[in-house]
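# Chains, contacts and geometry: an overview
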Amino acid sequence: MTSLFLAHARIVDGTAPEPSAPQGVVIENGLIREVSPSARAPQGASTIDLSGKVLMPGLIDCHVHINAIDASLAKCATLPDSLVMARSIRLLHQMLMRGFTTVRDVGGADHGQVVAVEEGLFPAPRLVISGKALSQSGGHCDFRGPFDNTPPRFNTRLGALGRLCDGVPEVRRAAREEIKSGARFVKIMANGGVASPTDPIHFLGFSREEISAAVEEARNAGTYVSAHLYTDEGIRRAVECGVHSLEHCNLITEATARFAAEQGAVAVPTLVTYDKLSSEGEELGIGAEAVAKVDDVRLAGMESLARMQAAGLPMAYGSDLLGAMHRHQSEEFVIRGKVLPPQMVIAAATHIAAKLCRMEGRIGTVAAGAHADLIVVDGNPLEDLSLLTFQGRHMPMILKGGVFMKGG
(Lines give C-alpha, C1' and ligand atoms only; values in the text may rest on other atoms or scores of the structure.)
Protein backbone atom coordinates (compact mmCIF):
# COMPACT_ATOMS: atom_id res chain seq x y z
CA MET A 1 0.00 0.00 0.00
CA THR A 2 1.47 3.36 -1.07
CA SER A 3 0.88 6.25 1.33
CA LEU A 4 1.75 9.92 1.53
CA PHE A 5 1.32 12.44 4.34
CA LEU A 6 0.94 16.17 3.75
CA ALA A 7 1.75 18.10 6.91
CA HIS A 8 0.70 21.63 7.86
CA ALA A 9 -1.61 21.98 4.86
CA ARG A 10 -3.69 25.15 4.76
CA ILE A 11 -6.61 24.27 2.49
CA VAL A 12 -8.33 26.58 0.00
CA ASP A 13 -11.28 24.90 -1.72
CA GLY A 14 -13.86 27.61 -2.35
CA THR A 15 -15.92 26.89 0.75
CA ALA A 16 -14.46 29.64 2.96
CA PRO A 17 -13.06 33.17 2.50
CA GLU A 18 -9.78 32.29 4.24
CA PRO A 19 -7.45 29.26 4.16
CA SER A 20 -8.13 26.61 6.77
CA ALA A 21 -6.02 26.11 9.86
CA PRO A 22 -3.10 23.72 9.21
CA GLN A 23 -4.31 20.18 8.53
CA GLY A 24 -2.70 16.80 8.14
CA VAL A 25 -3.75 14.97 4.98
CA VAL A 26 -3.31 11.19 4.68
CA ILE A 27 -3.28 9.73 1.15
CA GLU A 28 -3.40 5.98 0.55
CA ASN A 29 -3.70 4.18 -2.78
CA GLY A 30 -4.76 7.28 -4.64
CA LEU A 31 -7.49 8.35 -2.23
CA ILE A 32 -7.61 10.83 0.63
CA ARG A 33 -8.11 8.81 3.79
CA GLU A 34 -8.03 11.49 6.50
CA VAL A 35 -8.00 15.28 6.80
CA SER A 36 -7.71 16.72 10.28
CA PRO A 37 -5.44 18.84 12.50
CA SER A 38 -4.61 15.72 14.50
CA ALA A 39 -3.83 13.42 11.56
CA ARG A 40 -0.47 11.69 11.70
CA ALA A 41 1.69 10.08 9.05
CA PRO A 42 1.03 6.33 8.68
CA GLN A 43 3.99 4.05 9.22
CA GLY A 44 6.23 4.07 6.17
CA ALA A 45 4.50 7.03 4.53
CA SER A 46 6.45 9.71 2.73
CA THR A 47 5.92 13.10 4.38
CA ILE A 48 5.86 16.53 2.73
CA ASP A 49 5.77 19.69 4.83
CA LEU A 50 3.49 22.30 3.25
CA SER A 51 4.24 25.08 5.72
CA GLY A 52 3.93 28.44 3.99
CA LYS A 53 2.00 26.98 1.06
CA VAL A 54 -1.66 26.38 0.22
CA LEU A 55 -3.23 23.04 -0.68
CA MET A 56 -6.13 23.02 -3.12
CA PRO A 57 -8.26 20.39 -4.84
CA GLY A 58 -7.23 19.80 -8.42
CA LEU A 59 -8.96 22.38 -10.61
CA ILE A 60 -11.91 21.48 -12.87
CA ASP A 61 -12.67 23.16 -16.21
CA CYS A 62 -16.29 22.44 -17.20
CA HIS A 63 -16.13 23.76 -20.77
CA VAL A 64 -13.29 22.57 -22.97
CA HIS A 65 -12.90 21.08 -26.44
CA ILE A 66 -9.83 18.87 -26.27
CA ASN A 67 -9.95 18.15 -30.00
CA ALA A 68 -10.11 21.84 -30.96
CA ILE A 69 -6.46 21.70 -31.93
CA ASP A 70 -6.86 24.58 -34.40
CA ALA A 71 -8.66 27.90 -33.97
CA SER A 72 -10.87 26.99 -36.95
CA LEU A 73 -13.41 24.37 -35.94
CA ALA A 74 -14.20 23.77 -39.60
CA LYS A 75 -10.55 22.90 -40.24
CA CYS A 76 -10.42 20.61 -37.19
CA ALA A 77 -13.25 18.57 -38.70
CA THR A 78 -11.15 17.82 -41.80
CA LEU A 79 -7.91 16.73 -40.12
CA PRO A 80 -6.88 13.06 -39.78
CA ASP A 81 -7.70 11.40 -36.47
CA SER A 82 -4.04 10.54 -35.87
CA LEU A 83 -3.02 14.20 -35.94
CA VAL A 84 -5.97 15.31 -33.81
CA MET A 85 -5.20 12.65 -31.19
CA ALA A 86 -1.50 13.50 -31.07
CA ARG A 87 -2.18 17.19 -30.63
CA SER A 88 -4.95 16.60 -28.10
CA ILE A 89 -2.50 14.59 -25.96
CA ARG A 90 -0.28 17.66 -25.86
CA LEU A 91 -3.23 19.93 -25.02
CA LEU A 92 -4.32 17.65 -22.20
CA HIS A 93 -0.84 17.53 -20.72
CA GLN A 94 -0.65 21.32 -20.78
CA MET A 95 -4.02 21.55 -19.01
CA LEU A 96 -2.77 19.16 -16.33
CA MET A 97 0.36 21.26 -15.81
CA ARG A 98 -1.90 24.28 -15.18
CA GLY A 99 -3.46 22.36 -12.29
CA PHE A 100 -6.60 21.11 -14.05
CA THR A 101 -6.98 17.50 -12.97
CA THR A 102 -10.47 17.10 -14.47
CA VAL A 103 -11.94 18.63 -17.63
CA ARG A 104 -15.44 18.37 -19.07
CA ASP A 105 -15.45 18.21 -22.85
CA VAL A 106 -18.64 19.69 -24.28
CA GLY A 107 -18.31 18.61 -27.89
CA GLY A 108 -15.91 16.42 -29.83
CA ALA A 109 -14.06 14.03 -27.52
CA ASP A 110 -14.84 10.32 -27.76
CA HIS A 111 -14.86 7.41 -25.34
CA GLY A 112 -11.60 6.04 -26.72
CA GLN A 113 -9.87 9.14 -25.39
CA VAL A 114 -11.53 8.61 -22.00
CA VAL A 115 -10.28 5.02 -21.88
CA ALA A 116 -6.77 6.07 -22.92
CA VAL A 117 -6.65 8.55 -20.02
CA GLU A 118 -8.08 6.02 -17.56
CA GLU A 119 -5.45 3.48 -18.63
CA GLY A 120 -2.72 6.02 -17.93
CA LEU A 121 -1.33 5.90 -21.46
CA PHE A 122 -0.29 9.55 -21.13
CA PRO A 123 -0.52 12.18 -18.37
CA ALA A 124 -3.84 14.00 -18.63
CA PRO A 125 -6.78 15.27 -16.58
CA ARG A 126 -9.78 13.06 -15.94
CA LEU A 127 -12.24 13.35 -18.82
CA VAL A 128 -16.01 13.84 -18.59
CA ILE A 129 -17.45 14.00 -22.12
CA SER A 130 -20.64 14.72 -24.06
CA GLY A 131 -19.44 13.03 -27.25
CA LYS A 132 -20.47 14.94 -30.36
CA ALA A 133 -22.63 18.00 -29.76
CA LEU A 134 -26.05 18.00 -31.44
CA SER A 135 -26.90 20.80 -33.86
CA GLN A 136 -29.65 21.54 -36.33
CA SER A 137 -28.87 22.20 -39.99
CA GLY A 138 -27.63 25.78 -40.21
CA GLY A 139 -26.74 25.70 -36.51
CA HIS A 140 -23.52 26.02 -34.56
CA CYS A 141 -22.03 22.73 -35.81
CA ASP A 142 -22.89 23.31 -39.47
CA PHE A 143 -19.81 24.62 -41.27
CA ARG A 144 -21.09 24.12 -44.82
CA GLY A 145 -21.60 27.84 -45.50
CA PRO A 146 -24.47 29.60 -47.30
CA PHE A 147 -23.62 28.29 -50.80
CA ASP A 148 -23.02 24.64 -49.90
CA ASN A 149 -26.20 22.60 -50.29
CA THR A 150 -24.51 19.24 -49.90
CA PRO A 151 -26.82 17.01 -47.83
CA PRO A 152 -25.65 16.88 -44.21
CA ARG A 153 -23.86 13.74 -43.16
CA PHE A 154 -22.42 12.53 -39.87
CA ASN A 155 -18.75 13.46 -39.80
CA THR A 156 -17.21 10.74 -37.64
CA ARG A 157 -13.75 12.31 -37.57
CA LEU A 158 -12.27 12.91 -34.15
CA GLY A 159 -11.84 16.61 -34.86
CA ALA A 160 -15.53 17.19 -35.62
CA LEU A 161 -17.21 19.19 -32.86
CA GLY A 162 -20.71 17.83 -33.43
CA ARG A 163 -23.32 16.23 -35.63
CA LEU A 164 -26.40 17.54 -37.42
CA CYS A 165 -29.89 16.26 -36.65
CA ASP A 166 -33.26 17.69 -37.65
CA GLY A 167 -36.64 16.76 -36.20
CA VAL A 168 -37.55 14.88 -33.05
CA PRO A 169 -36.73 11.35 -34.32
CA GLU A 170 -33.24 12.38 -35.46
CA VAL A 171 -32.56 14.21 -32.19
CA ARG A 172 -33.64 11.15 -30.18
CA ARG A 173 -31.46 8.85 -32.26
CA ALA A 174 -28.43 11.14 -32.02
CA ALA A 175 -28.80 11.54 -28.24
CA ARG A 176 -29.18 7.79 -27.78
CA GLU A 177 -26.17 7.05 -29.96
CA GLU A 178 -23.93 9.49 -28.11
CA ILE A 179 -24.99 8.09 -24.74
CA LYS A 180 -24.44 4.54 -26.03
CA SER A 181 -20.98 5.58 -27.18
CA GLY A 182 -19.92 6.81 -23.74
CA ALA A 183 -21.31 10.34 -23.36
CA ARG A 184 -21.88 11.26 -19.72
CA PHE A 185 -24.36 13.99 -20.69
CA VAL A 186 -25.88 15.39 -23.91
CA LYS A 187 -24.77 18.68 -25.49
CA ILE A 188 -27.03 20.67 -27.82
CA MET A 189 -26.51 23.91 -29.74
CA ALA A 190 -29.55 26.02 -28.82
CA ASN A 191 -28.35 29.46 -30.02
CA GLY A 192 -26.30 30.88 -32.85
CA GLY A 193 -22.53 30.90 -32.45
CA VAL A 194 -19.36 32.78 -33.21
CA ALA A 195 -17.44 30.08 -35.08
CA SER A 196 -20.16 28.87 -37.46
CA PRO A 197 -20.97 30.71 -40.71
CA THR A 198 -24.77 30.88 -41.06
CA ASP A 199 -26.21 31.39 -37.57
CA PRO A 200 -26.09 34.87 -36.02
CA ILE A 201 -25.94 34.95 -32.24
CA HIS A 202 -29.68 35.65 -31.89
CA PHE A 203 -30.74 32.51 -33.85
CA LEU A 204 -32.56 29.91 -31.75
CA GLY A 205 -31.34 26.37 -32.31
CA PHE A 206 -33.85 23.51 -32.40
CA SER A 207 -37.57 23.66 -31.75
CA ARG A 208 -38.95 23.29 -28.24
CA GLU A 209 -40.05 19.77 -29.18
CA GLU A 210 -36.55 18.84 -30.27
CA ILE A 211 -34.97 20.25 -27.10
CA SER A 212 -37.54 18.44 -24.95
CA ALA A 213 -36.77 15.20 -26.78
CA ALA A 214 -33.06 15.54 -26.02
CA VAL A 215 -33.88 16.29 -22.37
CA GLU A 216 -36.13 13.24 -22.12
CA GLU A 217 -33.49 10.96 -23.64
CA ALA A 218 -30.87 12.30 -21.24
CA ARG A 219 -33.15 11.86 -18.25
CA ASN A 220 -34.02 8.33 -19.39
CA ALA A 221 -30.28 7.61 -19.17
CA GLY A 222 -29.97 9.26 -15.75
CA THR A 223 -28.18 12.35 -16.95
CA TYR A 224 -28.85 15.86 -18.29
CA VAL A 225 -28.59 18.23 -21.25
CA SER A 226 -26.02 20.98 -21.60
CA ALA A 227 -26.82 23.76 -24.09
CA HIS A 228 -24.79 26.37 -25.95
CA LEU A 229 -26.68 29.59 -25.15
CA TYR A 230 -26.16 33.34 -25.38
CA THR A 231 -29.46 35.24 -25.57
CA ASP A 232 -31.90 35.70 -22.73
CA GLU A 233 -34.71 34.33 -24.87
CA GLY A 234 -32.72 31.24 -25.74
CA ILE A 235 -31.70 30.62 -22.12
CA ARG A 236 -35.23 30.94 -20.73
CA ARG A 237 -36.63 28.67 -23.43
CA ALA A 238 -33.96 26.05 -22.74
CA VAL A 239 -34.62 26.08 -18.99
CA GLU A 240 -38.36 25.80 -19.61
CA CYS A 241 -37.62 22.68 -21.69
CA GLY A 242 -35.56 21.14 -18.88
CA VAL A 243 -31.96 21.96 -19.88
CA HIS A 244 -29.70 21.77 -16.82
CA SER A 245 -26.28 23.13 -17.86
CA LEU A 246 -26.29 26.59 -19.46
CA GLU A 247 -23.08 27.31 -21.36
CA HIS A 248 -21.86 30.91 -21.87
CA CYS A 249 -25.00 32.93 -20.89
CA ASN A 250 -23.49 36.30 -21.84
CA LEU A 251 -26.84 38.03 -22.52
CA ILE A 252 -28.81 36.65 -19.58
CA THR A 253 -31.03 38.96 -17.51
CA GLU A 254 -31.29 38.77 -13.75
CA ALA A 255 -34.92 37.63 -14.00
CA THR A 256 -33.99 34.67 -16.23
CA ALA A 257 -30.99 33.87 -14.04
CA ARG A 258 -33.32 33.76 -11.03
CA PHE A 259 -35.71 31.48 -12.91
CA ALA A 260 -32.83 29.18 -13.89
CA ALA A 261 -31.64 29.04 -10.28
CA GLU A 262 -35.15 28.11 -9.12
CA GLN A 263 -35.13 25.23 -11.62
CA GLY A 264 -31.80 23.94 -10.29
CA ALA A 265 -29.81 24.85 -13.38
CA VAL A 266 -26.07 25.68 -13.45
CA ALA A 267 -24.35 28.27 -15.66
CA VAL A 268 -20.91 27.86 -17.20
CA PRO A 269 -19.59 31.29 -18.27
CA THR A 270 -16.56 31.27 -20.58
CA LEU A 271 -15.43 34.90 -20.74
CA VAL A 272 -11.77 34.31 -21.55
CA THR A 273 -12.54 32.86 -24.95
CA TYR A 274 -14.25 36.03 -26.20
CA ASP A 275 -11.40 38.17 -25.00
CA LYS A 276 -8.89 36.04 -26.91
CA LEU A 277 -11.06 35.52 -30.00
CA SER A 278 -11.32 39.29 -30.26
CA SER A 279 -7.58 39.91 -29.90
CA GLU A 280 -6.10 36.80 -31.59
CA GLY A 281 -8.83 35.10 -33.59
CA GLU A 282 -8.32 36.64 -37.01
CA GLU A 283 -4.55 36.16 -36.83
CA LEU A 284 -5.11 32.46 -36.04
CA GLY A 285 -7.34 31.89 -39.03
CA ILE A 286 -10.85 32.61 -37.77
CA GLY A 287 -12.65 34.68 -40.40
CA ALA A 288 -13.24 38.39 -39.91
CA GLU A 289 -17.00 37.80 -39.96
CA ALA A 290 -16.77 35.39 -37.03
CA VAL A 291 -14.51 37.74 -35.08
CA ALA A 292 -17.02 40.54 -35.65
CA LYS A 293 -19.66 38.38 -33.93
CA VAL A 294 -17.53 38.23 -30.79
CA ASP A 295 -18.26 41.75 -29.59
CA ASP A 296 -21.99 40.97 -29.53
CA VAL A 297 -21.33 38.74 -26.54
CA ARG A 298 -17.90 39.79 -25.22
CA LEU A 299 -18.90 43.21 -23.99
CA ALA A 300 -21.89 41.87 -22.04
CA GLY A 301 -19.98 39.08 -20.34
CA MET A 302 -18.84 40.89 -17.21
CA GLU A 303 -22.35 42.19 -16.52
CA SER A 304 -23.71 38.65 -16.86
CA LEU A 305 -21.51 37.49 -13.97
CA ALA A 306 -22.95 40.15 -11.66
CA ARG A 307 -26.51 39.31 -12.72
CA MET A 308 -26.06 35.59 -12.12
CA GLN A 309 -24.42 36.21 -8.75
CA ALA A 310 -27.29 38.47 -7.68
CA ALA A 311 -29.82 35.85 -8.79
CA GLY A 312 -28.10 33.04 -6.90
CA LEU A 313 -27.42 31.00 -10.06
CA PRO A 314 -24.45 28.66 -9.45
CA MET A 315 -21.58 29.17 -11.89
CA ALA A 316 -19.04 26.50 -12.82
CA TYR A 317 -15.65 27.30 -14.38
CA GLY A 318 -15.30 27.21 -18.16
CA SER A 319 -12.77 28.41 -20.73
CA ASP A 320 -13.92 27.20 -24.22
CA LEU A 321 -10.62 28.03 -25.94
CA LEU A 322 -9.48 26.89 -29.38
CA GLY A 323 -6.11 25.99 -30.86
CA ALA A 324 -3.20 28.14 -29.70
CA MET A 325 -5.55 30.11 -27.44
CA HIS A 326 -5.71 27.18 -24.99
CA ARG A 327 -2.67 28.67 -23.24
CA HIS A 328 -5.00 31.31 -21.74
CA GLN A 329 -7.12 28.69 -19.91
CA SER A 330 -6.33 29.90 -16.39
CA GLU A 331 -6.93 33.58 -17.12
CA GLU A 332 -10.66 33.03 -16.58
CA PHE A 333 -9.86 33.17 -12.84
CA VAL A 334 -8.54 36.73 -13.11
CA ILE A 335 -11.35 37.89 -15.39
CA ARG A 336 -14.03 36.64 -13.02
CA GLY A 337 -12.15 38.07 -10.06
CA LYS A 338 -12.81 41.57 -11.38
CA VAL A 339 -16.50 41.07 -10.59
CA LEU A 340 -16.83 38.17 -8.14
CA PRO A 341 -15.30 37.41 -4.72
CA PRO A 342 -12.23 35.13 -4.97
CA GLN A 343 -13.96 32.44 -2.92
CA MET A 344 -16.78 32.25 -5.49
CA VAL A 345 -14.31 32.15 -8.39
CA ILE A 346 -12.44 29.24 -6.81
CA ALA A 347 -15.68 27.45 -5.91
CA ALA A 348 -16.58 27.48 -9.62
CA ALA A 349 -13.50 25.34 -10.36
CA THR A 350 -13.86 23.05 -7.35
CA HIS A 351 -17.07 21.87 -5.64
CA ILE A 352 -19.56 23.53 -8.04
CA ALA A 353 -17.76 22.05 -11.04
CA ALA A 354 -17.56 18.65 -9.32
CA LYS A 355 -21.32 18.62 -8.84
CA LEU A 356 -21.91 19.49 -12.51
CA CYS A 357 -19.61 16.60 -13.47
CA ARG A 358 -21.72 14.35 -11.20
CA MET A 359 -18.59 13.60 -9.18
CA GLU A 360 -19.23 15.58 -6.01
CA GLY A 361 -17.31 14.21 -3.04
CA ARG A 362 -14.84 12.50 -5.37
CA ILE A 363 -13.17 15.52 -7.00
CA GLY A 364 -13.10 19.25 -6.25
CA THR A 365 -12.60 18.71 -2.54
CA VAL A 366 -9.91 17.87 0.00
CA ALA A 367 -11.88 15.38 2.07
CA ALA A 368 -11.81 11.76 3.13
CA GLY A 369 -12.94 9.45 0.34
CA ALA A 370 -12.07 11.83 -2.50
CA HIS A 371 -9.52 11.16 -5.21
CA ALA A 372 -6.15 12.61 -4.22
CA ASP A 373 -6.29 15.16 -7.05
CA LEU A 374 -4.43 18.05 -5.43
CA ILE A 375 -2.34 21.11 -6.23
CA VAL A 376 0.10 22.94 -4.01
CA VAL A 377 0.29 26.71 -4.50
CA ASP A 378 3.04 29.12 -3.48
CA GLY A 379 0.88 31.77 -1.83
CA ASN A 380 -2.81 32.33 -1.16
CA PRO A 381 -5.09 32.44 -4.25
CA LEU A 382 -7.82 34.02 -2.14
CA GLU A 383 -5.58 37.08 -1.98
CA ASP A 384 -4.21 36.84 -5.54
CA LEU A 385 -6.06 34.78 -8.16
CA SER A 386 -3.22 35.28 -10.62
CA LEU A 387 -1.29 32.64 -8.65
CA LEU A 388 -3.45 30.15 -10.57
CA THR A 389 -2.23 31.48 -13.93
CA PHE A 390 1.22 31.58 -15.62
CA GLN A 391 0.98 27.96 -16.82
CA GLY A 392 1.30 26.52 -13.32
CA ARG A 393 4.43 28.50 -12.44
CA HIS A 394 3.22 28.94 -8.85
CA MET A 395 2.23 25.28 -8.47
CA PRO A 396 5.31 23.34 -7.35
CA MET A 397 3.28 20.12 -6.93
CA ILE A 398 0.37 18.62 -8.83
CA LEU A 399 -1.08 15.22 -7.92
CA LYS A 400 -3.69 13.15 -9.71
CA GLY A 401 -4.93 10.04 -7.96
CA GLY A 402 -2.13 10.40 -5.42
CA VAL A 403 0.56 10.27 -8.11
CA PHE A 404 2.84 13.26 -8.65
CA MET A 405 2.31 14.76 -12.08
CA LYS A 406 4.68 17.58 -11.13
CA GLY A 407 7.11 17.92 -8.21
CA GLY A 408 7.21 15.45 -5.37
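Owing to the predicted nature of the structure, the values given are computational and were not obtained by experimental measurement.

The next thing to look at is the packing of helix 7 (residues 254-262) against helix 10 (residues 301-311). At their nearest, the axes of helix 7 and helix 10 sit 8 Å apart, and the two run at 45° to each other. Relative to helix 10, the element helix 7 lies oblique. By crossing handedness, the relation of helix 7 to helix 10 is classed as right-handed. Only Arg307, Met308, Ala310 and Ala311 of helix 10 make contact with helix 7, whose side of the interface consists of Glu254, Ala257, Arg258 and Ala261.

Bringing the domain arrangement of the protein chain into the picture now. Taken domain by domain, the protein chain holds domain 1 (1-56 + 363-404) and domain 2 (58-327). Taken over C-alpha atoms, the centre of domain 1 sits 31 Å from the centre of domain 2. Of the roughly 1100 Å² buried between domain 1 and domain 2, counting both surfaces, carbon and sulfur atoms make up 58%. Counting the surface domain 1 buries against domain 2, the share from its top three residues, Gln391, Ile398 and Lys400, is 47%. Applying the counting criterion to the domain 1 and domain 2 interface returns one salt bridge. The residue Asp373 makes a salt bridge to Arg126 at a minimum N-O spacing of 2.7 Å.

The next subject is unusual backbone geometry. Phi at His8 is positive, roughly 55°, even though this residue is not glycine. Topologically, His8 is positioned in strand 1 (residues 3-11). With a phi angle near 60°, Arg358 is a residue other than glycine that sits in the positive phi range. Structurally, Arg358 can be placed in the loop between helix 13 (351-356) and strand 15 (374-377). The exposure class of Arg358 is partly exposed, given its relative accessible area of 41%.

On to the side chain of Thr223, then. Note on placement: Thr223 falls in the loop between helix 5 (208-220) and strand 12 (225-231). For Thr223, a relative accessible area of 12% translates into the label buried. Side-chain polar atoms of Thr223 contact the backbone oxygen of Arg184, separated by 2.6 Å. For Thr223, the contacting residues outside a window of four places in its chain are Arg184, Phe185, Ala218 and Arg358.

Another point: the sheet that holds strand 7 (residues 100-105). Within the open sheet, the three strands sit side by side as 6-7-8. Their pairing is parallel. Each end of this open sheet is capped by a strand with a single partner; those strands are strand 6 (59-64) and strand 8 (126-129). With strand direction ignored, the average angle separating the axes of adjacent strands in the sheet is 20°. Bridge analysis of strand 6 against strand 7 gives four bridges, and the strand direction is parallel. From the neighbouring strand, Asp61 faces strand 7, where its bridge partner is Val103.

Rules and cut-offs
Residues numbered from 1 in each chain as written. Predicted model: local features only at pLDDT ≥ 70, side-chain atom pairs only at ≥ 80, totals over all residues. Heavy atoms only, no water. Axes fitted to C-alpha atoms, helices over the stretch in contact; angles between N-to-C directions. Helix = DSSP H or I, 4+ residues; strand = E, 2+ residues; numbered from the N terminus. Parallel < 35°, antiparallel > 145°, perpendicular 65-115°, else oblique. Left-handed = near helix turned anticlockwise from the far one by under 90°. Contact = heavy atoms within 4.5 Å. Domains from an automatic or database assignment. Buried area = accessible area lost by both parts, 1.4 Å probe. Salt bridge = Lys/Arg side-chain N within 4 Å of Asp/Glu carboxyl O. Buried < 20%, exposed > 50% of the residue type's maximum accessible area, 1.4 Å probe, protein only. Polar contact = N/O pair within 3.5 Å; in protein donor to acceptor, adjacent residues only side chain to side chain. Pairing = 2+ DSSP bridges.

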